[in-house]
Amino acid sequence: MTTKKVVFDTDPGIDDAMALLYLNACENINLLAITTILGNADIAQCTRNALILRDMFDIKVPVYRGAACHINGSEPEDYPDFVHGADGLGDVGLPEFEGDIEPENATTALIELSKKHAGELTLLAVGRLTNVALAVQQDPEFAGRLKEIIIMGGSAEHPGNVTPWAEANIIGDPEAAEVVFQTGTPLTMVGLDVTTQTRMSHEFLEPITRGLPFGDFILAINRTYADYHVRSENRHDFPVHDSSAIAFTTRPDLFGRVRGQLSCTLEGKERGRTVLVEDPSGPHEVCMEVDSEKMLEDYAASIRRFYHA
Ligand code: RIB
Ligand code: CA
């Protein structure tokens, strides 16, 4: 089994928490670092949440704080507290935690890690692409040293989840997405086309988290997430966004893909749209199909094997 060296760029976030839980349990992934980005809450809260989750899941990797604003200098007008709660993790009460952030910022860390693991690093980004774009802008060699980028974000055919065209991570910082797409680094987009095909529920999570020290916390934050989907979709189960990108990283065989060149629309009402021009020799792949049953089986098996051992 080949092991992938991974840096996880994240904006925790309830589904980011579920993704980190899974990522830490994957047998073929060597997690090297966590970098944070604003998104589901501001950068201070997302970073605090990353530290809480690292301590809770007993993950021994450094956490680096990322950008507090977008690459054009703008700041978010608001955060999606109606989905993730004001604290980004469901407003269920955050536990005390141990451990601190590293002194370097996320961009510096990404550049340094790309040098240390040149040609070997998988950059797995499940939030806005601001940190990645900043690294590209600060070091012209950065993108070329990465093995690949895997993102949760965007959509080729599925309607957006913020506007009819745009997905949250991409419309959060479209200029950053365009900078990343234009590097030509191999990139796989795990977007709404597949993340909406797989759904989790309390009934799925309860048996796999029962007895774990953080089991009640996981169920509580997902209750907040499920409540939002009851209000917005009248469904008790919910889409699996960020964990789908983890699933692609560990089990790419579960996904059907189309190859081409991605770009991001920056102007007009379609701002934040990801556009794929199909091309068999293009640098990008877009996931269009997923074996959801097998993906959920892998999620459950990984949690059982790693945390219940
Ligand atoms: O559109 C879903 C994405 O937006 C996920 O990454 C979620 O965590 C939010 O950031
Ligand atoms: Ca996220």
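Computed from a predicted structure; not experimentally measured.

Draft legend 1. Just the coordination of the calcium ion (ligand 2), in detail. With distances of 2.3 to 2.7 Å, the protein atoms coordinating the calcium ion (ligand 2) are Asp-11 (OD), Asp-16 (OD), Asp-16 (OD), Val-126 (O) and Asp-242 (OD). All donor residues of the calcium ion (ligand 2) come from one chain, and their arrangement in sequence is D-x4-D-x109-V-x115-D. With Asp-16 in helix H1 (residues 14-23) and Val-126 in the loop between strand S4 (121-125) and helix H5 (130-138), this pair connects stretches of sequence that are 110 residues apart. Asp-16 gets classed as buried once you look at its relative accessible area, which sits at 1%.

Draft legend 2. Spatial organisation of H1. For H1, the buried fraction is high: 10 of the 10 residues fall into the buried class. For H1, the full list of buried residues reads Ile-14, Asp-15, Asp-16, Ala-17, Met-18, Ala-19, Leu-20, Leu-21, Tyr-22 and Leu-23.

Draft legend 3. Here's a closer look at the environment of Glu-96. Within the element layout of this structure, Glu-96 appears in the loop between helix H3 (81-84) and helix H4 (106-116). For the pair Glu-96 and Phe-8, spaced 88 residues apart in sequence, the C-alpha separation works out to 23 Å.

Draft legend 4. Expanded view of the site of ligand 1. Residues in close proximity to ligand 1 include Asp-11, Asp-15, Asp-16, Asn-40, Val-126, Met-152, Asn-161, Glu-167, Ala-168, Asn-169, His-241 and Asp-242, which together make up its full environment. The separation between an oxygen atom of ligand 1 and a polar side-chain atom of Asn-169 is 2.8 Å. Between an oxygen atom of ligand 1 and a side-chain N or O atom of Asp-242, the distance comes to 2.5 Å. For ligand 1, whose unbound accessible area comes to 280 Å², protein coverage reaches 95%. Taken together, the elements giving at least two residues each to the shell around ligand 1 come down to H1 and helix H7 (168-172). Tallied by class, residues from the shell around ligand 1 come to three nonpolar, four polar and five charged.

Draft legend 5. Geometry of the nonpolar core. Among the nonpolar cores identified, the biggest contains 61 residues, and Phe-57 and Phe-255 are the most heavily contacted of them. Ranked by the residues each element gives to this core, the list is headed by H1, at eight residues. If near-sequence neighbours (up to four positions away) are discounted, Phe-57 is found in contact with Ala-17, Leu-20, Leu-21, Asn-24, Phe-214, Ile-218 and Tyr-307. Residues Leu-113, Leu-121, Val-180 and Leu-262 belong to the second largest nonpolar core, which totals 33 residues.

Draft legend 6. Molecular detail of the packing of aromatic side chains. The final tally for this structure, using the stated rule, is nine aromatic pairs. Judged by centre distance (5.0 Å) and plane angle (65 degrees), the ring pair of Phe-57 and Phe-214 falls under edge-to-face. Of this pair, Phe-57 sits in the loop between helix H2 (43-56) and strand S3 (63-64) while Phe-214 sits in the loop between helix H10 (202-209) and helix H11 (215-233), and the two are 157 residues apart along the sequence. With 4.9 Å between their ring centres and 80 degrees between their planes, Phe-306 and Tyr-307 make a pair best called edge-to-face.

Draft legend 7. Just unusual backbone geometry, in detail. Omega for the peptide link from Pro-12 to Gly-13 comes to -15 degrees, which places this bond in the cis form. Position of Gly-13 relative to the elements: it lies in the loop between strand S1 (4-10) and H1. A positive phi is found at Asp-58, a non-glycine position, where the angle reads about 60 degrees. By the element assignment, Asp-58 lies in the loop between H2 and S3. At Asp-91, a position not held by glycine, the phi torsion is positive, near 55 degrees. Along the chain, the position of Asp-91 falls in the loop between H3 and H4. On the accessibility criterion, Asp-91 (46% relative accessible area) is partly exposed.

What counts and how
- Residues numbered from 1 in each chain as written.
- Chains lettered and ligands numbered in written order.
- Predicted model: local features only at pLDDT ≥ 70, side-chain atom pairs only at ≥ 80, totals over all residues.
- Heavy atoms only, no water.
- Donors = N, O, S within 2.8 Å, 3.2 Å for Na, K, Ca; no water.
- Helix = DSSP H or I, 4+ residues; strand = E, 2+ residues; numbered from the N terminus.
- Buried < 20%, exposed > 50% of the residue type's maximum accessible area, 1.4 Å probe, protein only.
- Near = heavy atom within 4 Å.
- Polar contact = N/O pair within 3.5 Å; in protein donor to acceptor, adjacent residues only side chain to side chain.
- Areas by Shrake-Rupley, 256 points an atom, 1.4 Å probe, with all protein chains shown as cover.
- Nonpolar A, V, L, I, M, F, W, Y, C, P; charged D, E, K, R; others polar.
- Core = buried A, V, L, I, M, F, W, Y, C linked by side-chain atoms within 4.5 Å.
- Contact = heavy atoms within 4.5 Å.
- Phe/Tyr/Trp six-rings, centres within 6.5 Å; stacked < 30°, edge-to-face > 60°.

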